[in-house]
Every structure is written in structure tokens, then in C-alpha cells.
Amino acid sequence: KAGVTQTPRYLIKTRGQQVTLSCSPISGHRSVSWYQQTPGQGLQFLFEYFSETQRNKGNFPGRFSGRQFSNSRSEMNVSTLELGDSALYLCASSLVWTGDGYTFGSGTRLTVV
Amino acid sequence: SQQGEEDPQALSIQEGENATMNCSYKTSINNLQWYRQNSGRGLVHLILIRSNEREKHSGRLRVTLDTSKKSSSLLITASRAADTASYFCATVRAYTGANSKLTFGKGITLSVRP
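Computed from a prediction, not measured in an experiment: that's the story for all the values here. As a convention, each chain's residues are numbered from 1 in the sequence order in which they are written. Chains and ligands are labelled by the order in which they are written, letters from A for the one and numbers from 1 for the other. Given that the model is predicted, a residue must reach a pLDDT of at least 70 before its local features are reported, and side-chain atom pairs must reach 80 or more before they are shown or counted; all residues, however, enter totals for whole chains, interfaces and linings. Working from all heavy atoms in the structure, the side-chain values ignore hydrogens and water.

Q: Would you mind showing me how to read the interface of chain B and chain A here?
A: By a widespread convention, an interface's size corresponds to the accessible area lost as its parts come together. Each side of the interface is counted separately: chain B has 22 residues, and chain A has 22 residues. Buried area counts how much accessible surface, traced with a 1.4 Å probe, disappears from two parts once they are put together, with both parts' losses summed. Each partner contributes to the roughly 1800 Å² buried at the junction of chain B and chain A, and carbon and sulfur atoms together form 47% of this total. Any carboxyl oxygen of Asp or Glu that lies within 4 Å of a side-chain nitrogen of Lys or Arg is treated as forming a salt bridge with it. Where chain B touches chain A, the interface holds zero salt bridges. Each polar contact in these results corresponds to two N or O atoms within 3.5 Å; when the atoms are within protein, one needs to be able to donate a hydrogen and the other to accept it, and residues that are neighboring in sequence are counted only if both atoms are side-chain atoms. Inspection of the chain B/chain A interface yields three residue pairs in polar contact (both at pLDDT 80 or more). The secondary structure listing takes helices from DSSP runs of H or I that are at least 4 residues long and strands from runs of E that are at least 2 residues long, numbered from the N terminus. Looking at the side of chain B that touches chain A, the elements that each hand over two or more residues are β4 (29–37), β5 (43–50) and β9 (85–93) of chain B. For the side of chain B that touches chain A, the class distribution of residues is eight nonpolar, 10 polar and four charged. We call two residues in contact when some of their heavy atoms are within 4.5 Å. Residue type decides the class: Asp, Glu, Lys and Arg count as charged, Ala, Val, Leu, Ile, Met, Phe, Trp, Tyr, Cys and Pro as nonpolar, and the leftover types, Gly among them, as polar.

Q: How should I be thinking about the pattern of salt bridges in this particular structure?
A: Side chains carrying opposite charge are able to pair once their charged atoms draw close together. Tallying each qualifying case throughout the model produces six salt bridges over all chains. Here A:Arg63 ties to A:Glu82 by a salt bridge, and the two come within 3.6 Å at their closest N and O atoms. Remark: A:Glu82 occurs in the loop between β8 (74–78) and β9 (87–94) and A:Arg63 occurs in the loop between β6 (53–57) and β7 (64–68); sequence separation between them is 19 residues. Take A:Arg63: its relative accessible area is 15%, and that puts it in the buried class. Only protein chains enter the calculation, and the probe is 1.4 Å; a residue is then buried if its accessible area is under 20% of its type maximum, exposed if over 50%, and partly exposed in between. Overall, A:Glu82 belongs to the partly exposed group, its relative accessible area being 43%. Between B:Arg60 and B:Asp83 there is a salt bridge, and its shortest N-O distance comes to 2.9 Å. On the criterion of sequence distance, the pair formed by B:Arg60 in the loop between β6 (55–58) and β7 (61–66) and B:Asp83 in the loop between β8 (71–76) and β9 is long-range, its members being 23 residues apart. The exposure class of B:Arg60 is partly exposed, given its relative accessible area of 22%. B:Asp83 sits in the buried class, given a relative accessible area of 7%. Taken together, the shared-partner salt bridges in this structure form one network comprising A:Arg63, A:Glu82 and A:Asp85.

Q: What's the story with the nonpolar core in this structure? I'm lost.
A: Soluble globular proteins tend to pack their nonpolar side chains together in the buried interior. Residues and elements named next belong to chain B. Counting 22 residues, the largest nonpolar core has Met 21, Leu 32, Trp 34, Leu 74, Ile 76, Tyr 87 and Leu 110 as its most contacted members. Looking at this core, the elements with two or more residues in it are β3 (19–24), β4, β5, β7, β8, β9 and β11 (108–113). Each residue touching Tyr 87, except ones within four places of it in the same chain, is listed here: Glu 6, Met 21, Tyr 35, Arg 36, Leu 46, Leu 74, Ile 76, Gly 107, Ile 108 and Leu 110. By nonpolar core we mean a set of buried residues, namely Ala, Val, Leu, Ile, Met, Phe, Trp, Tyr and Cys, connected to one another through side-chain atoms within 4.5 Å.

Q: Help me understand the state of the cysteines, please; the structure alone is not making it clear to me.
A: Here a disulfide denotes a covalent bond joining the sulfur atom of one cysteine to the sulfur atom of another. Residues and elements named next belong to chain A. Disulfides are defined as pairs of cysteine sulfur atoms found within 2.5 Å of each other. A complete count under the given rule lists two disulfides over all chains for this structure. Paired by a disulfide, Cys 23 and Cys 91 hold their sulfur atoms 1.7 Å apart. Sign of the S-S torsion, about -50° for the bond between Cys 23 and Cys 91, identifies this disulfide as left-handed. In this pair, Cys 23 is assigned in strand β3 (residues 19–24) and Cys 91 in strand β9, connecting sequence segments 68 residues apart.

Q: Is there a simple way to explain the environment of A:Tyr10 in this structure?
A: All names here are of chain A. Considering the arrangement of structural elements, one finds Tyr 10 in strand β2 (residues 10–13). Of the residues examined, Tyr 10 reaches a relative accessible area of 60% and is grouped as exposed. Distance from Tyr 10 to Ser 65, taken between C-alpha atoms, is 19 Å for residues 55 residues apart in sequence.

Written as C-alpha cells, this is what we have:
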């Protein structure tokens, strides 16, 4: 079966711009989570969606937002990009939101210049 | 903040040797998971151990959990060059209802020399 698909793979944006990243979970998976990975802060939780509802949110500024559609696909948006937003953004999907093993996508590498 | 702290931060071994990686955490957990990451790619789920379990095996992997010490170890037996990667432990906290997020440690870089 197809894995978790994240698009685009790589992205270069300028400070002040906004960006939208997409994640298509494994078919049948209804929970989608987003994580940010940087060399300094490591892997940090952004938010989790289940059945189009945000169930949990990490400690990120309001510039980071997300949503989930009825087909479970999810998008995350970052507005007013800062240099520090440069990171690998990972999406993970699971059947339910209970915290059992997740399947991760290959990530979107965002570079802000 | 990081929940898990892996030890050592970097490990270099010869192919065929065993690799042991440790993880400590701070709060009560529902489960603990180990993931592998190759060269900044996505994370691959290796194994999950629940708080009421003490040991699990999966192929060449053996994970133990000691909730009294809030620690876990991952053993990779008969290592291969293909095991070269970063390894992360991640915890899901207990008693938090809908809070099922993973809290990761900083990771261990494993290098397996051919």
C-alpha cells in the first residue's frame, strides 16, 4: 500500500513569505500529525488532526497553522516566514489518535533565505 | 522540551557487533517507541513497547523498558552497514486523554563500519 506522501520535497522561500505543505496519509488512516525537525531543537510536535478536528497543538506561534480535509489529507501553513523556520517538516499518520506507532512521510525540507 | 534523552549521542561499531542504545525519560508514559532516520529522511517506526511490558523482540531488535528507572534500551544484534542511521526514542505520556503526541529525544548517531 502507498505510504505517507508529503509534497513538495524541497522548498526555498524568502523571509516574510508564506508556505503551504501537504500530507496525504496512508489510505484509511484518520490521524495526521506534524513535526518540525531542526539541528538545534530536534524533533518537535506541531499539531495533530483526527477526523478534521485539531486534537492537540504544540508550542509554536500562531504563524503555524494546519487543517485536515474530509479525505484525511492535511496541510500546514506557515505565514510570515522567518529564517528560523528552516527545517525538515515531517508528517505522520496512524489509524487512530491513541499514540500507537506512526508511519512518517519523507518530509518537506524548507529553507528560508 | 525533550522528554527522552538518548545515550550515547554517537556510537561507532564494526559490522557484526551488537549496538546498545539507551533512552531515559521524565514522566509516566503510555508507551515508548524507537524510530530510525536515514540521512535526514523520514522516520521509520522500529518497535513499540507499552508501559506494562518489560521486553519485546522484533527480528534483530530487542527493546527493554524499566518504568521504575524511566529508561529503555534498544539492542541491535549482528549489526550491518545498512543499520547506519540516527535512532530516536519517543514517548507517549500517560493519563493525558487525547494527548497522544510523540515526544522525542535528540537521537543517537550509529555508524556501522564494514
